[in-house]
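Listed here are the chains, written in short residue letters.
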Amino acid sequence: MKLREPMPELNGAVEWLNGQVTREGLVGTKPTLIHFWSISCHLCKKAMPQINQFLDDYRDQLNVIAVHMPRSENDLNIEEIKHDASLHGINHPIIVDSNMTITAAFDNKYVPAYYIFDKNGQLRHFQAGGSGKTMLEKRVIRLLDEIEKTK
């Protein structure tokens, strides 16, 4: 995806965990962070405590969605995905994207990967890799400041 492109539809999940959302339900409300992860990704698991803290800090100002992107056949076990999500405290909605439909819509190739959309659903920031909480937070704060200035 390129900056300023609209958020893709969130259709094609094999299963939703922790509730289900739609693109229409997200756009127009507040900024949205969509993060891709996988149960076989060590960097994803290492970054999860930082992401969970980040989510706690901005829970009321930010929509957060996780996409479980399988990297191999071993990543397709729904029970293991549920177990790892629980183990790592992922309480926000999780799209189980075993058919890679949403992954393809985002043209995503990485885990972990983070997409931040403004409240109008336009991509404003992308980053991949296990570090970078500071950069994510700067981008979210910038979007929240933009919203505050338009009030």
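For the structure, see preceding data.
Numbering of residues starts from 1 in every chain and runs along the sequence as written. With pLDDT at 70 or above as the cut-off, local features in this predicted model cover only qualifying residues; side-chain atom pairs require 80 or more to be listed or tallied, and sums for whole chains, interfaces and linings still use all residues. Each side-chain value is derived from all of the structure's non-hydrogen atoms; neither hydrogens nor water enter the calculation.

## Some details on helix α5 (residues 133-149)
If you check α5, its first and last C-alpha atoms are 24 Å apart, about what 17 residues at 1.5 Å a residue would give, namely 24 Å. Exposure categories follow from relative accessible area, calculated using a 1.4 Å probe and restricted to protein chains: below 20% of the type maximum is buried, above 50% is exposed, and the middle band is partly exposed. Note on conventions: DSSP H or I runs of at least 4 residues are helices, E runs of at least 2 residues are strands, and numbering of each starts at the N terminus. L136, V140, L143, L144 and I147 are the residues of α5 that are buried. On an axial view of α5, the arc spanned by its buried residues comes to 100°, and they lie on one face. Relative to its buried face, α5 has exposed residues pointing more than 90 degrees away, namely T134, K138, E148 and K149. When checking whether two residues touch, look at their non-hydrogen atoms; a contact exists if any pair is within 4.5 Å. Along its buried surface, α5 packs onto β2 (32-37), α2 (42-58), β5 (113-117) and β6 (123-128). In this scheme, a helix's expected span is set at 1.5 Å multiplied by one less than its residue total. Picture the helix axis, draw a direction to every C-beta atom, and the arc is the one those directions span.

## Quick notes on the environment of W16
Mapped onto the secondary structure, W16 falls in strand β1 (residues 15-17). C-alpha of W16 to C-alpha of A105: the two residues are 89 residues apart in sequence and 17 Å apart in space. Every residue in contact with W16, bar those within four places of it in the chain, is listed here: L10, V21, P93, I94 and I95.

## Remarks on the side chain of H125
Considering the arrangement of structural elements, one finds H125 in strand β6. Polar side-chain contacts of H125 include one of 2.7 Å to the side chain of Q127. Setting aside residues up to four positions removed in sequence, H125 forms contacts with L3, Y114, Y115, I116, M135, L136 and R139. Any pair of N or O atoms that falls within 3.5 Å is considered a polar contact. Within protein, one atom must be able to donate a hydrogen and the other to accept it, and sequence-neighbouring residues count only if both atoms are side-chain atoms.

## With respect to the packing of aromatic side chains
Centres within 6.5 Å are what make two rings of Phe, Tyr or Trp a pair, Trp counting through its six-membered ring; a difference in plane orientation under 30 degrees is then read as stacked, over 60 as edge-to-face, and the rest as tilted. If you walk through the whole model with that rule in mind, you get seven aromatic pairs. Each ring, one from F36 and one from F106, has its centre 5.3 Å from the other, and the planes form 70°; the classification is edge-to-face. Here F36 is found in strand β2, whereas its partner F106 is found in helix α4 (residues 101-106), with 70 residues between them in sequence. Accessibility classification places F36 together with F106 in one group, the buried group. Here the aromatic rings of Y115 and F126 are separated by 4.8 Å at their centres, their planes lie at 50°, and the arrangement is tilted. On the criterion of sequence distance, the pair formed by Y115 in strand β5 and F126 in strand β6 is long-range, its members being 11 residues apart.

So yeah, pure geometry; function would need other evidence.
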